[in-house]
Amino acid sequence: MVEKTREGADTLTSARPPFPWPRMILLMGAALALLAGLDAALVRLGALAPVSSTDLGAIHGILMVYGFLGTAICLERAVAINSRWAYLSPATSALAGIAAIVISQSRAVANFIATLPLPAYLSRTLPGYQSQRMLPAVLWTISMITLVVIYRHVWRKRQASYAVLIQLVASCVGLCGILLWMRGLEVALIMPWWLFFLLLTIVGERLELARLAFNEATEKRILVWVGALLISLALTLIVPIVAYPLLGISLAALAIDMGYHDVALKTIRIPGIPRLSAVAMLAGYGWTMLPAALWITTPPTFSGYGYDAIVHALTVGFAVSMVIAHAPVIIPSVIRREVPYHLAMWVPLILFHLSLLIRFLSGAREAALPWRFGGTLGVCAFLLFVVTTASVTIANTRRERSTHA
């Protein structure tokens, strides 16, 4: 009887693994950056925001790219290699996001940092240097360096593949992007580095997850497009008038090649999560054509509706679509809880792409009110995605508990 009881307990334990609270704390750091970033988005849109701070609005981009998505990427990679040292990457990234928020909202903290010897010296000697960026930038630099080491570890010890190489390159791009921000460059000038940190990371992960769909010849060709993107990125800081058309051509070639060979073209016929993920992925590939076309056909733009379209087509249209597509796979690996399919999961996905369509068409006509509405709808879609994913996960966990009970 005792042995049977132990067997039952072991079965129950294996069916419901312990909840990983340390990981959840790090995930909450990413969630905090997301909420602050969405508030900052409303500020930049000129819409009604819970915290109407222009200083918070100024860090919208860094919070969303590095604070939210960057922390999530670092956490997922740390979980994948299952080494304690790797958690330094998501931990410092989460702390950097918190530091950026606090500094933006506390003039006393910002002034204190500005009076410290090193920031004061750099402010005097480096034109354009901004002392309020120093603390979060240092933390994000540590995070990105650790991420580089994580991918190097995977490359040397586990899997020397094209997918891992591209993700290693992406982490180096992310490191360069944060170093340029630390130096004090304008966000619009370095935004391509932030965008391609996300894009190349996702491309590498897609090659890794769907490796059977991409043969070696395709992977080699994709690596060529990645190399062209890297050269173009470097040139954006030197000869932007030449670099941006090259960037657009390379991006278009990469997206078309990935989209054409992706297994999503087949899994879209399978109901449930496969179809949801496939639609999200194919829509993501589609949205990359907008910035590619703008970079090829128009001069470099660093403000206005054109710049807004480029940034959000890649961050929301591509990156967030890919997050939605892979959430049912990645979230369970992080929190050890299944994310089951529910029809409600289509709603935020549809709202995301509807909001982008309204935003971009309004921007093309320079119609401020519908443009603002489209942006606000996108913020609502973000919140709905988080609530929907959390709700179906919690409901499924409770259902499993009642079944085992």
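Reference entry: report on the structure contained in this document.

The rules behind these values
- Residues numbered from 1 in each chain as written.
- Predicted model: local features only at pLDDT ≥ 70, side-chain atom pairs only at ≥ 80, totals over all residues.
- Heavy atoms only, no water.
- 1 Å grid on protein atoms, 1.4 Å probe; cavity = no way out; pocket = protein on both sides within 12 Å on 5 of 7 lines; lining within 4 Å.
- Points joined across faces, edges and corners; volume = space filled by probe spheres on them.
- Helix = DSSP H or I, 4+ residues; strand = E, 2+ residues; numbered from the N terminus.
- Nonpolar A, V, L, I, M, F, W, Y, C, P; charged D, E, K, R; others polar.
- Axes fitted to C-alpha atoms, helices over the stretch in contact; angles between N-to-C directions.
- Parallel < 35°, antiparallel > 145°, perpendicular 65-115°, else oblique.
- Contact = heavy atoms within 4.5 Å.
- Expected span 1.5 Å × (residues − 1).
- Buried < 20%, exposed > 50% of the residue type's maximum accessible area, 1.4 Å probe, protein only.
- Phe/Tyr/Trp six-rings, centres within 6.5 Å; stacked < 30°, edge-to-face > 60°.
- Left-handed = near helix turned anticlockwise from the far one by under 90°.
- Salt bridge = Lys/Arg side-chain N within 4 Å of Asp/Glu carboxyl O.
- Disulfide = S-S within 2.5 Å.

Observations concerning empty space enclosed by the protein
The probe, sized like a water molecule, is rolled over the atoms to show the empty space still left.
(1) Moving on: One pass over the full model with this rule turns up three cavities of 30 Å³ or more.
(2) Moving on: The volume enclosed by the largest cavity comes to roughly 70 Å³.
(3) Moving on: Looking at the largest cavity, the residues that line it are Ala188, Met191, Pro192, Leu195, Tyr244, Trp295, Thr301, Phe302, Tyr307, Ile310 and Val311.
(4) Moving on: Sorting the residues of the lining of the largest cavity by element identifies helix H10 (187–209) and helix H16 (304–335) as the ones contributing at least two each.
(5) Moving on: Considering every element that reaches the lining of the largest cavity, the biggest residue donor is H10, with four residues.
(6) Moving on: Of the voids in this model, the second largest cavity is the one considered here, and its volume is about 50 Å³.
(7) Moving on: The wall of the second largest cavity is formed by Leu276, Ile324, Ala327, Met345, Pro348, Phe385, Thr388 and Thr389.
(8) Moving on: Listing elements by their share of the lining of the second largest cavity, those giving two or more residues are H16 and helix H18 (368–404).
(9) Moving on: Here the residues of the lining of the second largest cavity sort into six nonpolar, two polar and no charged.

Some thoughts on the packing of H10 against helix H11 (residues 216–236)
Each pair of packed helices gets described by two things: the angle between the helix axes and the distance between those axes.
(1) Moving on: Viewed as axis vectors pointing N to C, H10 and H11 meet at an angle of 170°, and their least axial separation amounts to 11 Å. The angle between H10 and H11 places the two elements in the roughly antiparallel class. Residue-level contacts link Pro192, Trp193, Phe196, Leu200, Val203 and Leu207 of H10 to Glu219, Ile222, Val226, Leu229, Leu233, Ala234 and Thr236 of H11.
(2) Moving on: Split into classes, the residues belonging to the contact of H10 with H11 amount to 11 nonpolar, one polar and one charged.

Some thoughts on H10
(1) Moving on: Under the 1.5 Å per step criterion, the end-to-end length of H10 is 32 Å for 23 residues, consistent within 8% with the ideal 33 Å.
(2) Moving on: When you tally the buried positions in H10, you get 20 out of 23 residues, the bulk of the element.

Structural notes on the packing of aromatic side chains
(1) Moving on: Evaluated as defined, the whole model comprises 12 aromatic pairs.
(2) Moving on: For the pair Phe68 and Phe382, a centre-to-centre distance of 6.2 Å together with 75° between the ring planes defines the contact as edge-to-face. Taken as a pair, Phe68 in helix H4 (residues 60–81) and Phe382 in helix H18 lie far apart in primary sequence, 314 residues in all.
(3) Moving on: For Phe68, a relative accessible area of 13% puts it in the buried group.

Examining the packing of helix H12 (residues 240–261) against helix H15 (residues 289–297)
(1) Moving on: Between H12 and H15, the least distance of the axes is 7 Å, while the angle of their chain directions is 150°. When the axes of H12 and H15 are compared, the pair comes out roughly antiparallel. The chirality of how H12 crosses H15 is left-handed. Across the interface between the two elements, Tyr244, Pro245, Leu247, Gly248, Ile249, Leu251, Ala252, Ala255 and Ile256 from H12 touch Met289, Pro291, Ala292, Trp295 and Ile296 from H15.

Some remarks on the pattern of salt bridges
(1) Moving on: Counted by the stated rule, this structure contains seven salt bridges.
(2) Moving on: Through salt bridges with shared partners, a single network forms among Glu76, Arg77 and Glu208.

Brief notes about the side chain of Asp308
(1) Moving on: Along the polypeptide, Asp308 turns up in helix H16.
(2) Moving on: The contacts of Asp308, once residues within four sequence positions are left out, are Arg359, Phe360 and Trp371.

Looking at the environment of Thr301
(1) Moving on: Relative to the helices and strands, Thr301 resides in the loop between H15 and H16.
(2) Moving on: Spatially, the C-alpha atom of Thr301 lies 33 Å from that of Gly29, the residues being 272 residues apart in sequence.
(3) Moving on: The contacts of Thr301, once residues within four sequence positions are left out, are Gly306, Tyr307 and Ile310.

Details of the environment of Ile202
(1) Moving on: Mapped onto the fold, Ile202 is located in helix H10.
(2) Moving on: Those residues in contact with Ile202 that sit more than four places away from it in its chain are Phe318, Ala319 and Met322.

Focus on unusual backbone geometry
(1) Moving on: Of note in this structure, Asn82 is not a glycine but carries a positive phi near 55°.
(2) Moving on: Here Asn82 lies in the loop between H4 and helix H5 (88–105).
(3) Moving on: Assessed through its relative accessible area of 59%, Asn82 is described here as exposed.
(4) Moving on: Although it is not a glycine, Glu366 adopts a positive phi angle of roughly 55°.
(5) Moving on: With respect to the helices, strands and loops of the structure, Glu366 is situated in the loop between helix H17 (346–364) and H18.

Digging into the environment of Ile142
(1) Moving on: Within the element layout of this structure, Ile142 appears in helix H8 (residues 134–157).
(2) Moving on: In this structure the C-alpha to C-alpha distance between Ile142 and Thr92, which are 50 residues apart in sequence, comes to 6.8 Å.

Topic: the state of the cysteines
(1) Moving on: Inspection of every chain in the model, using the stated rule, returns zero disulfides.
(2) Moving on: Residue Cys176 stays outside any disulfide, its sulfur separated by 6.9 Å from that of Cys172, the closest cysteine.
(3) Moving on: Since its relative accessible area comes to 32%, Cys176 is described here as partly exposed.

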